[in-house]
Amino acid sequence: MSASTPEGQPGYDALAELYDRTFPGPWQRPLDRHALDAFADGLPQGGTILDLGCGTGHVTVELAFRGFRTIGVDPSARMLQIARRRYPRRTWIAGDAYYPAAEPAVREAGPVSGILARFSLIHVPPQQVPGVLASWAAHVEPGCQVLLAFQALLDSDRDVEEFPHVVAPAWRWNPSSLARVLDEAGFSETWRVIVCPDGEHPYPECHLSAVRV
């Protein structure tokens, strides 16, 4: 999904319709759904969830169907246009990966109990990620749950490296390195799941859960 910079995401704007046809639903693999189930099970029913990098909104709406108040955030105007057209009763706002504290919809929602960032922090330059996570920590209360999904770096001693992406610059992280950056920002890891590559996914993927302490 798209997300990351204040300048928007022209790559996702240009490919929004193709993206929408390629990913017509919320899940690419069964474990995607199971990871979201585990995330949702740890949240108070009816709580507010920010989906940072919501793309065309399928996962945001899936959580709304489960009884949560959801706010989808994305820098791609065209992706948000598709989300608004398909799900007009939901809340969609333009924004990058930083916590959208100034948005009226976020202020009116009250305390945020969960932050979801599925394949969106991959587009944030690594040197900016600590600031992004610090912005989340500064605006949520202890107990707020976070779920990140990202292409993982397992076969190297490096923390992070850039990898080819068809839409925008992207980086994959060593899960332990990203967990350490989360910890430094005030989030403690609660669990992680690694998904092996397959014919359609050339890199391992990680679902990493953490809680604001």
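Above this text you will find the structure in question.
First things first, this report covers the structure right here in the doc. (Residues numbered from 1 in each chain as written. Predicted model: local features only at pLDDT ≥ 70, side-chain atom pairs only at ≥ 80, totals over all residues. Heavy atoms only, no water.)

## Examining the pairing of strand 3 (residues 91–94)
Heads up, the condition is: Here a strand pair is declared whenever DSSP counts at least two bridges between the two strands. To qualify as a helix, a DSSP run of H or I must reach at least 4 residues; to qualify as a strand, a run of E must reach at least 2; elements of each kind are numbered from the N terminus. Looking down the strands as they point away from the viewer, one classifies a crossover as right-handed if the path from the first strand across the helix to the second runs clockwise.
Both strand 2 (residues 69–74) and strand 3 contribute to a ladder of four bridges, which runs parallel. Its bridge partner lying in strand 3, Asp74 is registered against Ala94. Each parallel crossover has a hand, and for strand 2 linked through helix 5 (residues 77–86) to strand 3 it is right-handed.

## Looking at the pattern of salt bridges
We apply this condition: Between Lys or Arg on one side and Asp or Glu on the other, a salt bridge is scored when a side-chain nitrogen of the former is within 4 Å of a carboxyl oxygen of the latter. Partly exposed residues are those whose accessible area sits between 20% and 50% of the maximum for their type, while under 20% is buried and over 50% is exposed, using a 1.4 Å probe and protein chains only.
Evaluation of the coordinates by the stated rule reveals eleven salt bridges. Put simply, Arg29 and Asp198 hold a salt bridge, and the shortest N to O gap is 3.3 Å. Here the residue Arg29 occupies a position in the loop between helix 2 (16–22) and helix 3 (30–41), and Asp198 occupies one in the loop between strand 8 (187–195) and strand 9 (205–212), the gap between them amounting to 169 residues. You can call Asp198 partly exposed: its relative accessible area is 36%. Salt bridges sharing common partners tie together Arg33, Asp37, Glu62 and Arg66.

## Section: the packing of aromatic side chains
One pair of aromatic rings is described through two measures. These are the centre distance and the angle between the planes. The condition that has to hold: Pairing of aromatic rings covers Phe, Tyr and Trp, the last through its six-membered ring, and needs centres within 6.5 Å; plane angles under 30 degrees mean stacked, over 60 mean edge-to-face, and all others mean tilted.
Across all of its chains, the model carries two aromatic pairs by this definition. Judged by centre distance (6.4 Å) and plane angle (35°), the rings of Tyr87 and Trp92 are tilted. Across this residue pair, the class does not change: Tyr87 and Trp92 are buried. Ring centres of Phe163 and Tyr203 lie 5.1 Å apart, and the angle between their planes is 65°; this geometry places the pair in the edge-to-face category. Here Phe163 is found in strand 6 (residues 160–163), whereas its partner Tyr203 is found in the loop between strand 8 and strand 9, with 40 residues between them in sequence.

## What to know about the environment of Phe39
Which entries qualify depends on this criterion: In this analysis, two residues are considered to be in contact whenever any of their non-hydrogen atoms come within 4.5 Å of each other.
Inspection of the secondary structure puts Phe39 in helix 3. Judged by relative accessible area, which is 3%, Phe39 ranks as buried. Separated by 75 residues in sequence, Phe39 and Gly114 have C-alpha atoms that sit 8.4 Å apart. With residues near it in sequence (within four places) discarded, Phe39 still touches Ile49, Gly114, Ile115, Leu116, Gln145, Val146, Leu147 and Trp191.

## A look at the packing of helix 7 (residues 129–139) against helix 8 (residues 175–185)
Rule in force here: Here the axes come from fitting lines to C-alpha atoms, over the contacting stretch only for helices, and the angles between their N-to-C directions go from 0 to 180 degrees. We call two directions roughly parallel when the angle between them is under 35 degrees, roughly antiparallel when it is over 145, roughly perpendicular when it lies between 65 and 115, and oblique otherwise. Take the far helix as your reference; a near helix turned counterclockwise from it by less than a right angle gives a left-handed crossing, and one turned clockwise gives a right-handed crossing.
One can describe the packing of helix 7 onto helix 8 by two numbers: an axis separation of 9 Å at closest approach and a directional angle of 45°. The orientation of helix 7 relative to helix 8 falls into the category oblique. The handedness of the crossing between helix 7 and helix 8 is right-handed. Between helix 7 and helix 8, the contacting residues are Val129, Pro130, Leu133, Ala134 and Ala137 on the first element and Leu178, Val181, Leu182 and Ala185 on the second.

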